[in-house]
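Summary of the model geometry
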Amino acid sequence: NGLVVRGIAGQRENYRPIVSQLCASADPGAVATALRERFGFTELYLADLDAIQHRSPQWEVWQALVADGFRLWLDAGIQNAKDNSLDVMLRLDASIIAGLESVDGPAELREILNRVGDERLVFSVDLKEGKPLGNIEEWPGDAWRIAELAISMGARRMIVLDLARVGVGEGIGTEELCVRLKQTFPELQLTAGGGVRGIDDVRRLTALGVDHV
């Protein structure tokens, strides 16, 4: 609903606007500005939960952040290459996240890749307690095989994210998969998402070869 919320274990019905020491409101512009002023961040991952849950996307929020000088990685629950949000994201020069939770299947991922290109497409391997999310009957088996298939199609950027680990202070829980991916596909740009508790987690993930957190 146009506000930044605190994610907790993927239980979206329980998400509430954030309360932060960095800024006085949960307005996306205020939060983004505080992160830039305090830490120098100019590139942001934005998951539009309204769009992911098949409600109207927060296009005005995206556009305002880009106009304010931020580069975005956008997850708007894209299902296929005909999704209206793709047109907006392409105009905004954003990195476009195709999430396992949302994409209709491998054939649709291939079409999205063909339209967007491998430099801008980021495939997100969305898990919950280690199990793949989404239209799973269209995908092969486990997270490894899904990731392997996406890479064989041309995906060069990937997020590994276990929603059950978000906001609960237990670490990311996907280290084994991340290591296997980087060892097998060293050129893959790999992001470990969700569950980072502090700098020790970041140092450990860096040592494992993860590119972004």
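Structural data are supplied above this passage.
Residues numbered from 1 in each chain as written. Predicted model: local features only at pLDDT ≥ 70, side-chain atom pairs only at ≥ 80, totals over all residues. Heavy atoms only, no water.

Some remarks on a nonpolar patch on the surface
A grouping of Leu 22, Phe 39 and Phe 41 is seen on the molecular surface, where their side chains present a nonpolar patch of about 280 Å² in accessible area. Here Leu 22 lies in the loop between strand E2 (16–17) and helix H1 (28–39). (Patch = residues over 30% accessible without salt bridge, like charges linked within 9 Å, V, L, I, M, F, W, Y side chains within 5 Å. Areas by Shrake-Rupley, 256 points an atom, 1.4 Å probe, with all protein chains shown as cover. Salt bridge = Lys/Arg side-chain N within 4 Å of Asp/Glu carboxyl O. Helix = DSSP H or I, 4+ residues; strand = E, 2+ residues; numbered from the N terminus.)

Thoughts on the packing of helix H6 (residues 143–153) against helix H7 (residues 175–184)
Relative orientation of the contacting elements H6 and H7 amounts to 30 degrees, with a least axis distance of 11 Å. For the pair H6 and H7, the crossing hand works out as right-handed. Contacts between H6 and H7 involve Ala 143, Trp 144, Ala 147 and Ile 151 from the former and Leu 177, Arg 180, Leu 181 and Thr 184 from the latter. (Axes fitted to C-alpha atoms, helices over the stretch in contact; angles between N-to-C directions. Left-handed = near helix turned anticlockwise from the far one by under 90°. Contact = heavy atoms within 4.5 Å.)

Some details on helix H3 (residues 59–67)
Those residues of H3 lying buried are Val 61, Trp 62 and Leu 65. Buried residues in H3, looked at end-on, bunch into an arc of 100 degrees, giving them a common side. Facing away from the buried side of H3 by over 90 degrees, the exposed positions are Glu 60 and Ala 67. Buried residues belonging to H3 abut H1, strand E3 (43–47), strand E4 (71–75) and helix H4 (84–91). Just downstream of H3 lies Gly 69, where phi reads positive at about 100 degrees. (Buried < 20%, exposed > 50% of the residue type's maximum accessible area, 1.4 Å probe, protein only. Arc of directions from axis to C-beta.)

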